[in-house]
Amino acid sequence: MTKYSILSLVRNAFSTHRHWQRAWRNPEPKAAYDAVIVGGGGHGLATAYYLAAEHGMRHIAVLEKGWIGGGNTGRNTTIIRSNYLYDESIQLYDHAVKLWANLSQVLNYNVMYSPRGVMMLAHNTHDVQSFKRHIYANRLHGVDNEWLTPQEARAFCPPLSIDPGARYPIVGAALQRRGGVARHDAVAWGYARGADALGVDIIQNCEVLDIRTDNSGAVERVETTRGTIRTQKVGVVAAGHTSVVMGRAGLRMPLESFPLQALVSEPVKPILPCVVMSNTVHAYISQSDKGELVIGAGTDQYISYSQTGGLHIATHTLEAICELFPMFTRLRMLRNWGGIVDVTPDRSPIIGKTPVKGLYVNCGWGTGGFKATPGSGHVFAHTMAMDECHPINAPFTLERFVTGRLIDEAAAAAVAH
Amino acid sequence: MLLIHCPYCGPRPEIEFRGGGEAHIARPADPSQLSDDRWASFLFFRNNPKGRHAERWLHIHGCQRWFNAVRDTVSDRFEKT
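Since the structure is predicted, the reported quantities are computational estimates derived from the model, not experimental observations.

S.K.: An account of the overall build of chain B is needed here, citing residue identities and associated values.
M.R.: Within chain B, the regular secondary structure consists of one helix and six strands. Sequence-ordered secondary structure for chain B, helices as α and strands as β, is β-β-β-α-β-β-β. For 81 residues, the compact-globule estimate of 2.2 N^0.38 gives 12 Å, and chain B exceeds it by more than 25% at 15 Å. Along the first, second and third principal axes, the C-alpha atoms of chain B reach 45 × 30 × 15 Å. Long-range pairs, those at least 24 residues apart, make up 45% of the contacts in chain B with a sequence separation of at least 6. Looking at chain B as shown, the accessible area adds up to about 4900 Å², and 48% of this sits on carbon and sulfur atoms. Charge-centre separation for chain B: the mean point of 12 positive side chains lies 5 Å from the mean point of 10 negative side chains.

Written out as structure tokens, the structure reads:
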């Protein structure tokens, strides 16, 4: 792998950029691997990268049905934060935020992590109490999160309307300054390039049709559209299609797949300096480096694999955005799209082993998986390599649905998050 | 937005309805006799199919009655209500 640097940029500029090395190879699948990752999104590629980089496993394949980063990794609103309520969640998501901090340097790939601050707006007494509880819970773990008055919120984000006559007036806000955004495609590409350099085979256009076990019930091979691959470790990181893939191994999951929509406006000059979220009116908004306002809408109420959602869901969010930022009422929306998110009953992910020996699963990230990409890959790689959970993901196993030890961020946020 | 055919009221827009999730999940008659696995299966585990899905809907802003439907989760088309 050629290291990207100012020197390589200058050198390639002189040869009119015709000699850049491919960022990753396009290999044919081999007959056998030490581990196979099903799903070439951010989480799957990060898992492969950390398996190779930290656990010395080099014979790894990432099997992707379409193209890498073409699912939810390329469809989300790229918000990064760790201001969750429960101890387990705070540790999991903050593990990721710590890795985000120098990910560009580690991968030698600019993932454009921009800790510009995530501000969550409070509109009523319940919000105030809930957010303050989150702030104190975060502080107990040394995670930054602070309370702002409406005036301070407006000073941090000038286009915000704090008009007390609004239908849902802003009575305060919780601000996590380390929160922010990153460039979604670059995260997939950076991990792919890093993993490829360590010998990982990234195999695109390769759908897993079946996961087969031997007589003892342990994983033996996967059948794919590009042939049979023998392996004793399979990690399923298939987001919205996890139920489908796990069904091929004969397992039922506590998941339901819903469409989740996002949309972007036409590009405008820098206007929104931070990420603004409001659970009560249900709006998420930030501005991309290209100038588009990136807006996250909600999920539809029915399960679907259609990658489209109802227009009324997006409309609802736009109405909320226009109330928070009256100056955006004249902006035109450029594109909207949907992704399929796998939602667990407690809105916390599942990362761990399964009843099938050698089969591991990392799923259930629901509507908020992008922020966790590095941390998720890191702890899942540990789980696969050691056949034992990392302390951070130990509470996030499938067993919690049987023991009842849920991590109920759904109740904590009272909204999809 | 889906156009849903309520068996009692006819075709109505989706915003009049509340999705009730997977159909035919019967509450166990005697939960205290159930193993934790079976109870978890009843509470949390779902088929979540890609394709035909039997599901329940409540016409909450209409006749307020529950009904079953079969819908394709790829095309979102209703086969039957």
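Additional details are given in the paragraphs that follow.
S.K.: Account for the interface of chain B and chain A, with residues named and values stated.
M.R.: Each side of the interface is counted separately: chain B has 25 residues, and chain A has 25 residues. For the pair chain B and chain A, the summed buried area comes to about 2200 Å², and 53% of that belongs to carbon and sulfur atoms. Of all residues in chain B, B:Phe44, B:Phe45 and B:Asn48 bury the most surface against chain A, accounting for 33% of the area lost on that side. At the junction of chain B and chain A, the tally comes to one salt bridge.

S.K.: An account of helix α2 (residues 42-55) of chain A is requested, with residue identities and associated values reported.
M.R.: All names here are of chain A. Helix length check: α2 (14 residues) gives 19 Å between terminal C-alpha atoms against 20 Å at 1.5 Å per residue, within 8%. With 11 of its 14 residues buried, α2 lies for the most part within the structure. Within α2, the full set of buried residues consists of Gly42, His43, Gly44, Leu45, Ala46, Thr47, Ala48, Tyr49, Tyr50, Leu51 and Ala52. Looking at the residues trailing α2, positive phi occurs at Gly56, about 65 degrees.

S.K.: With reference to specific residues and values, describe the pattern of salt bridges.
M.R.: All names here are of chain A. Taken as a whole and assessed by the stated rule, the structure comprises 25 salt bridges over all chains. Among the ionic pairs, Asp196 bridges to Arg25, the shortest N-O distance being 3.1 Å. Of this pair, Asp196 sits in helix α7 (residues 184-197) while Arg25 sits in the loop between α1 (6-14) and β1 (35-38), and the two are 171 residues apart along the sequence. Judged by relative accessible area, Asp196 falls into the buried class, the value being 10%. Assessed through its relative accessible area of 36%, Arg25 is described here as partly exposed. A salt bridge links Arg177 to Glu146; its shortest N-O distance comes to 2.9 Å. Here Arg177 is found in the loop between β6 (172-176) and β7 (180-181), whereas its partner Glu146 is found in strand β5 (residues 146-148), with 31 residues between them in sequence.

What counts as what
- Residues numbered from 1 in each chain as written.
- Chains lettered and ligands numbered in written order.
- Predicted model: local features only at pLDDT ≥ 70, side-chain atom pairs only at ≥ 80, totals over all residues.
- Heavy atoms only, no water.
- Helix = DSSP H or I, 4+ residues; strand = E, 2+ residues; numbered from the N terminus.
- Rg over C-alpha atoms; globule rule 2.2 N^0.38 Å.
- Contact = heavy atoms within 4.5 Å.
- Areas by Shrake-Rupley, 256 points an atom, 1.4 Å probe, with all protein chains shown as cover.
- Lys, Arg positive; Asp, Glu negative; His and termini not counted.
- Charge placed at Lys NZ, Arg CZ, Asp CG, Glu CD.
- Buried area = accessible area lost by both parts, 1.4 Å probe.
- Salt bridge = Lys/Arg side-chain N within 4 Å of Asp/Glu carboxyl O.
- Expected span 1.5 Å × (residues − 1).
- Buried < 20%, exposed > 50% of the residue type's maximum accessible area, 1.4 Å probe, protein only.

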